[in-house]
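Breakdown of the fold
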Amino acid sequence: DTGVSQDPRHKITKRGQNVTFRCDPISEHNRLYWYRQTLGQGPEFLTYFQNEAQLEKSRLLSDRFSAERPKGSFSTLEIQRTEQGDSAMYLCASSFLGEQPQHFGDGTRLSIL
Amino acid sequence: GESVGLHLPTLSVQEGDNSIINCAYSNSASDYFIWYKQESGKGPQFIIDIRSNMDKRQGQRVTVLLNKTVKHLSLQIAATQPGDSAVYFCAENIRGAQKLVFGQGTRLTINP
């Protein structure tokens, strides 16, 4: 399977704990994106990378959130001191440069107890 | 503001019929549009895209129409099949930005 891969698929944690998600994009893609999706809503943009550079962050991305793409390949999204409102599906997408479709993984569903 | 909306939250059609899913957008600077299909527990799946210099684009059983005058986008699915049941999102890319703005989605149900 050469699509976008995300791990874990599900994460349940207690409020206040830190969590980290991983995304492996389609290998030839330069751009990698993170989105968050809550029930019944469309995905909302969080941040994106071009190669290893993080070029844009949404105001949704509070100081508790940090994303990295150290070698321009896989990316991690960490949430520190999780809160109830962080419960959502976290989606990763990748694309070529320019106006090209973003291809999504199946997401990590985060549940905060 | 930046928004992508859908006229109907749910749509139910008979198997074999054609379906049309509509989408309104408000940002005239949007120059690239994508339709996605999302099944339960999965990520959005790319269906078809269209650039603002086009009015129509066809794929396999799907057609996207873009009316820039009224900022309207539609997805037509021909000869619907049970596997077409899903939530469909339109998304827009605003010129110069590198993020997609999604609407709320339309749930399409195919009745046997």
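Structure: above.
These notes cover the structure that comes with them. (Residues numbered from 1 in each chain as written. Chains lettered and ligands numbered in written order. Predicted model: local features only at pLDDT ≥ 70, side-chain atom pairs only at ≥ 80, totals over all residues. Heavy atoms only, no water.)

**Here's the deal with the overall build of chain B**
The line we're drawing: Every helix listed is a DSSP run of H or I at least four residues long, and every strand listed is a run of E at least two residues long, numbered separately from the N terminus. Three labels apply to residues, based on accessible area from a 1.4 Å probe with only protein chains included: buried if under 20% of the type maximum, exposed if over 50%, partly exposed otherwise in between. Between two residues, a contact is recorded if the distance between any of their heavy atoms is within 4.5 Å.
Within chain B, the regular secondary structure consists of 0 helices and 11 strands. Its helices and strands in sequence order give chain B the pattern β-β-β-β-β-β-β-β-β-β-β, from N to C terminus. Overall size of chain B, expressed as C-alpha extent along the three principal axes, is 45 × 30 × 20 Å. Per-residue burial over chain B gives 46% buried out of 112 residues. In chain B, once contacts between residues fewer than 6 apart in sequence are set aside, the share between residues at least 24 apart is 54%.

**Structural notes on the sheet that holds strand E8 (residues 75–79) of chain A**
All names here are of chain A. Our working rule: DSSP bridges decide pairing: two strands pair if at least two such bridges lie between them. Here, axes are lines fitted to C-alpha atoms. For helices the fit covers the stretch in contact, and angles between N-to-C directions go from 0 to 180 degrees.
Here 4 strands make up an open sheet; going across it, the order is E1-E3-E8-E7 and the pairing antiparallel. Among the strands making up the open sheet, the edge pair consists of strand E1 (5–7) and strand E7 (65–68). Averaged over all pairs of adjacent strands, the angle between strand axes in this sheet comes to 15 degrees, irrespective of strand direction. Judged from the 3 bridges that link them, E1 and strand E3 (residues 19–24) form a sheet pairing that is antiparallel. Counted as the bridge partner of Gln 6 is Cys 23 from E3.

**Quick word on the interface of chain A and chain B**
Formally: Buried area is calculated as the accessible area (1.4 Å probe) missing from two parts once they are joined, with the contributions of both summed. Throughout this description, a polar contact denotes any pair of N or O atoms lying within 3.5 Å of each other; where both atoms belong to protein, one of them has to be capable of donating a hydrogen while the other can accept it, and for residues adjacent in sequence the pair is counted only when both atoms sit in side chains. Amino acids outside the nonpolar list (Ala, Val, Leu, Ile, Met, Phe, Trp, Tyr, Cys, Pro) and the charged list (Asp, Glu, Lys, Arg) are all regarded as polar, and Gly is one of them.
Contact with chain A, which involves 21 residues of that partner, is made by 19 residues of chain B. Of the roughly 1700 Å² buried between chain A and chain B, counting both surfaces, carbon and sulfur atoms make up 49%. Counting across the chain A and chain B interface gives 7 residue pairs in polar contact (both at pLDDT 80 or more). Contributing elements (two or more residues each) for the side of chain A that touches chain B: strand E4 (31–37), strand E5 (44–50) and strand E10 (103–104) of chain A. With 4 residues, the single largest contributor to the side of chain A that touches chain B is E4(A). Across the side of chain A that touches chain B, the residue classes break down as 8 nonpolar, 8 polar and 5 charged.

**Things to note about the side chain of B:Thr80**
Residues and elements named next belong to chain B. Tracing the chain through its elements places Thr 80 in the loop between strand E8 (72–77) and strand E9 (86–94). A polar side-chain atom of Thr 80 sits 3.2 Å from the main-chain carbonyl oxygen of Gln 14. Discounting residues that sit within four places of it in the chain, Thr 80 has contacts with Val 13, Gln 14, Glu 15, Gly 16, Asp 17, Ser 19, Arg 61 and Ile 110.

**As for the nonpolar core**
How we decide: As used here, the term nonpolar core means buried Ala, Val, Leu, Ile, Met, Phe, Trp, Tyr and Cys residues forming a set that is joined through side-chain atoms within 4.5 Å.
Of all hydrophobic cores here, the largest spans 20 residues; its most connected members are B:Ile21, B:Trp35, B:Leu73, B:Leu75, B:Tyr88 and B:Leu108. Broken down by secondary-structure element, the contributors of at least two residues to this core are strand E2 (10–14), strand E3 (19–25), strand E4 (30–38), strand E5 (45–51), strand E7 (62–67), E8, E9 and strand E11 (106–111) of chain B. Apart from the residues within four sequence positions on either side, B:Leu75 is in contact with B:Ser19, B:Ile20, B:Ile21, B:Trp35, B:Ile47, B:Ile48, B:Val62, B:Thr63 and B:Tyr88. Formed by 19 residues, the second largest nonpolar core is a distinct cluster that contains A:Cys23, A:Leu46, A:Tyr90 and A:Cys92.

**What to know about the environment of B:Val87**
Residues and elements named next belong to chain B. Structurally, the position occupied by Val 87 is in strand E9. Taking C-alpha positions, Val 87 is 9.7 Å from Leu 11, a pair spaced 76 residues apart along the chain. In this view, Val 87 contacts Tyr 36, Lys 37, Gln 38, Gly 105, Thr 106 and Arg 107; residues no more than four positions away in its chain are not counted.

**Describing the pattern of salt bridges**
What counts is decided by this rule: When a carboxyl oxygen of Asp or Glu is within 4 Å of a side-chain nitrogen of Lys or Arg, the pair counts as a salt bridge.
Following the criterion strictly, the structure yields 8 salt bridges over all chains and no others. The salt bridge partner of A:Asp24 is A:Arg22, with a shortest N-O separation of 2.7 Å. For A:Asp24, a relative accessible area of 26% puts it in the partly exposed group. Between B:Lys68 and B:Asp55 there is a salt bridge; the shortest N-O distance is 3.3 Å. Separated by 13 residues along the polypeptide, B:Lys68 in the loop between E7 and E8 and B:Asp55 in the loop between E5 and strand E6 (56–58) bring together distant segments of the chain. Residue classification places B:Lys68 among the partly exposed residues on the basis of a relative accessible area of 37%.

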